[in-house]
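A look at the structure
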Amino acid sequence: MNEKNQLGFVHKFIPSEGSKDQNSVTLLLLHGTGGDETDLIPIARMLDITNASILSPRGKVIENGMPRYFRRLSEGIFDIEDLKFRTNELAEFVQNASKTYALNLNRIVAIGYSNGANIAASVLLLRPEILSNAILFRPMIPLVPNTLPKLSSKRVLISAGLHDPIVAGYQTKDLFDLLEKVGAKVSIQWQNSGHELTQRDIVAARKWLSLL
Ligand code: MLT
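All values derive from a computational prediction rather than experimental measurement.

What to know about empty space enclosed by the protein
- Across all of its chains, the model carries two cavities of 30 Å³ or more by this definition.
- Roughly 40 Å³ of volume is contained in the largest cavity.
- Contributing to the lining of the largest cavity are Phe9, Lys60, Tyr69, Arg86, Glu89, Leu90 and Ile119.
- Here the element with the most residues in the lining of the largest cavity is helix 2 (residues 80-100); it accounts for three residues.
- Looking at the lining of the largest cavity, its residues break down into four nonpolar, no polar and three charged.
- Approximately 30 Å³ is the volume found for the second largest cavity.
- In terms of lining, the second largest cavity is formed by Arg138, Ala160, Gly161, Asp164, Val167, Ala168, Gly169, Thr172 and Trp190.
- Breaking the lining of the second largest cavity down by element, the ones donating at least two residues are strand 11 (155-161) and helix 4 (169-181).
- Its residues placed into classes, the lining of the second largest cavity shows four nonpolar, three polar and two charged.

As for the site of the ligand
- Near the ligand, the surroundings consist of Thr33, Arg68, Phe70, Arg72, Glu75, Phe78, Ser114, Asn115, Asn118 and Ile166.
- Taking Thr33, its side chain carries an N or O atom lying 2.5 Å from an oxygen atom of the ligand.
- One of the side-chain N or O atoms of Asn118 is found 2.8 Å from an oxygen atom in the ligand.
- The protein chains hide 95% of the 260 Å² of surface that the ligand would expose on its own.
- Considering only residue class, the shell around the ligand consists of three nonpolar, four polar and three charged.

What about unusual backbone geometry?
- You will see that Ser114, though not glycine, has its phi angle at about 55 degrees, which is positive.
- In this structure, Ser114 sits in the loop between strand 9 (108-113) and helix 3 (115-126).
- A positive phi is found at Arg138, a non-glycine position, where the angle reads about 55 degrees.
- Tracing the backbone shows Arg138 in the loop between strand 10 (133-137) and strand 11.

Observations regarding the packing of aromatic side chains
- For the structure shown, the criterion picks out three aromatic pairs.
- Measuring from ring centre to ring centre gives 3.9 Å for Phe13 and Tyr101, while their planes differ by 5 degrees; the resulting arrangement is stacked. Highlighted residues: Phe13 in strand 2 (residues 11-14) and Tyr101 in the loop between helix 2 and strand 9, separated in sequence by 88 residues. Here the two residues Phe13 and Tyr101 agree in accessibility, since each one is buried.
- When the ring of Phe70 is compared with that of Phe78, the centres are 4.9 Å apart and the planes differ by 85 degrees; the resulting orientation is edge-to-face. As far as burial versus exposure is concerned, Phe70 and Phe78 are alike and both buried.

Each value, and the rule that gives it
- Residues numbered from 1 in each chain as written.
- Predicted model: local features only at pLDDT ≥ 70, side-chain atom pairs only at ≥ 80, totals over all residues.
- Heavy atoms only, no water.
- 1 Å grid on protein atoms, 1.4 Å probe; cavity = no way out; pocket = protein on both sides within 12 Å on 5 of 7 lines; lining within 4 Å.
- Points joined across faces, edges and corners; volume = space filled by probe spheres on them.
- Helix = DSSP H or I, 4+ residues; strand = E, 2+ residues; numbered from the N terminus.
- Nonpolar A, V, L, I, M, F, W, Y, C, P; charged D, E, K, R; others polar.
- Near = heavy atom within 4 Å.
- Polar contact = N/O pair within 3.5 Å; in protein donor to acceptor, adjacent residues only side chain to side chain.
- Areas by Shrake-Rupley, 256 points an atom, 1.4 Å probe, with all protein chains shown as cover.
- Phe/Tyr/Trp six-rings, centres within 6.5 Å; stacked < 30°, edge-to-face > 60°.
- Buried < 20%, exposed > 50% of the residue type's maximum accessible area, 1.4 Å probe, protein only.

As C-alpha cells, then:
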C-alpha cells in the first residue's frame, strides 16, 4: 500500500492481489465530507471484486478542517465554477495515476459516497471518458452541463436513503432523470435509511457489480 502525493492528491493506491490482466478493474474511491482516502477501503473490500486495484484520493478542498472534493456555498448549494475546475483536476489525477500504476483507463469504476458521489457524477457528466461505471451512494444532482454528454456505454447505480435529511428525494431523482436522459443505464435503489451507509447499500452494490 502506497501513499504518495506526487500526483497532486494525497491518495492510497492498492494494487490488485491477483494476477493483473488487461481487463483488471480499478475502483476509484471518493469519500464524503470530512472523510479521507482510507474511509471507503473497507467498503470496497466488502464488494468482493476479484482482481480490482484501488485508487483512493483525498479531497483537496478544506471546509472547517474537513476535506471535500469541491467548494460549496452552503449545504447542497455548490460553487459550480470550483466544481468544474475540481472535476477536471480529479480527471487529470486519474489519467496520470493510470500511467504511474499501469491501470486500464477503460476500466475505472467510481465508488463515491455523498460529496464523493457528487463529484463522481460530475466526472461522468463533464469527463465521461474517465469512468466506465459508477456506484453513487447518497448523491444529488451536482450540475447540468451546457453540453450534454452521451453516456450510453455507462452503467450507474444510485443508492439513496428514503429518510436522508441532507439529500432530498427530488435531488436524487433529478440526477437519475438526467443520467437516464443522456443514455446511461442507471438504476436506483432506495434504502430504508438516512444519509449513513447501511449493510443494504453494500448488498445492493455487490449484487449490481456481479451483474456488470
Ligand atoms: C455533504 O455533506 O457532503 C453533502 O451532502 C454533499 C456535498 O456537499 O457534496
